[in-house]
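Read off the chains here:
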Amino acid sequence: MKIYINQKEIETQDSISIKELLDMQQITIEGTAIAIDNKLVPKNEWNDRILTDGNKITIIRATFGG
């Protein structure tokens, strides 16, 4: 299926969760926020939230430093 991560189209397997997607993309959970179709998804739903074809996922990473 096709999904979009930060406006970039990628192909992925069907029935993948947010957590599995983050693992595949090697993105750590710490300091990360996820929105699907412009709606924030709480971290406690990442294991169970299954992505669907055409989802637009926004991944926001906190940066530290000064």
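Scroll up to find the structure.
Not measured: the values here are computed from a predicted model. (Residues numbered from 1 in each chain as written. Predicted model: local features only at pLDDT ≥ 70, side-chain atom pairs only at ≥ 80, totals over all residues. Heavy atoms only, no water.)

**Side note on the pairing of strand 3 (residues 32-36)**
(1) Moving on: In terms of residue burial, strand 3 counts as a mostly covered element, since 4 of its 5 residues are buried.
(2) Moving on: Pairing geometry for strand 3 and strand 5 (residues 56-61), over 5 bridges, is antiparallel. Within strand 5, the position partnered with Ala33 by the bridge is Ile60.
(3) Moving on: The sheet contact formed by strand 3 and strand 4 (residues 39-41) spans 3 bridges and is antiparallel. Residue Ala35 lies in a different strand from strand 4, and its bridge partner there is Leu40.
(4) Moving on: If you look at the hairpin formed by strand 3 and strand 4, you'll find 2 residues sitting between the two strands, and Asp37 has a positive phi there, around 50°. (Buried < 20%, exposed > 50% of the residue type's maximum accessible area, 1.4 Å probe, protein only. Helix = DSSP H or I, 4+ residues; strand = E, 2+ residues; numbered from the N terminus. Pairing = 2+ DSSP bridges.)

**Remarks on the sheet that holds strand 5**
(1) Moving on: Ordered by their spatial adjacency, 5 strands build an open sheet running 2-1-5-3-4, and the pairing between neighbours is mixed. Looking along the sheet, the strands with just one partner apiece sit at the ends: strand 2 (8-11) and strand 4. Neighbour to neighbour, the strand axes of the sheet diverge by 35° on average, direction disregarded.
(2) Moving on: Looking at chain direction, strand 1 (residues 2-5) and strand 2 are connected through 4 bridges and run antiparallel. Bridged to Lys2 within strand 2 is Glu11. (Axes fitted to C-alpha atoms, helices over the stretch in contact; angles between N-to-C directions.)

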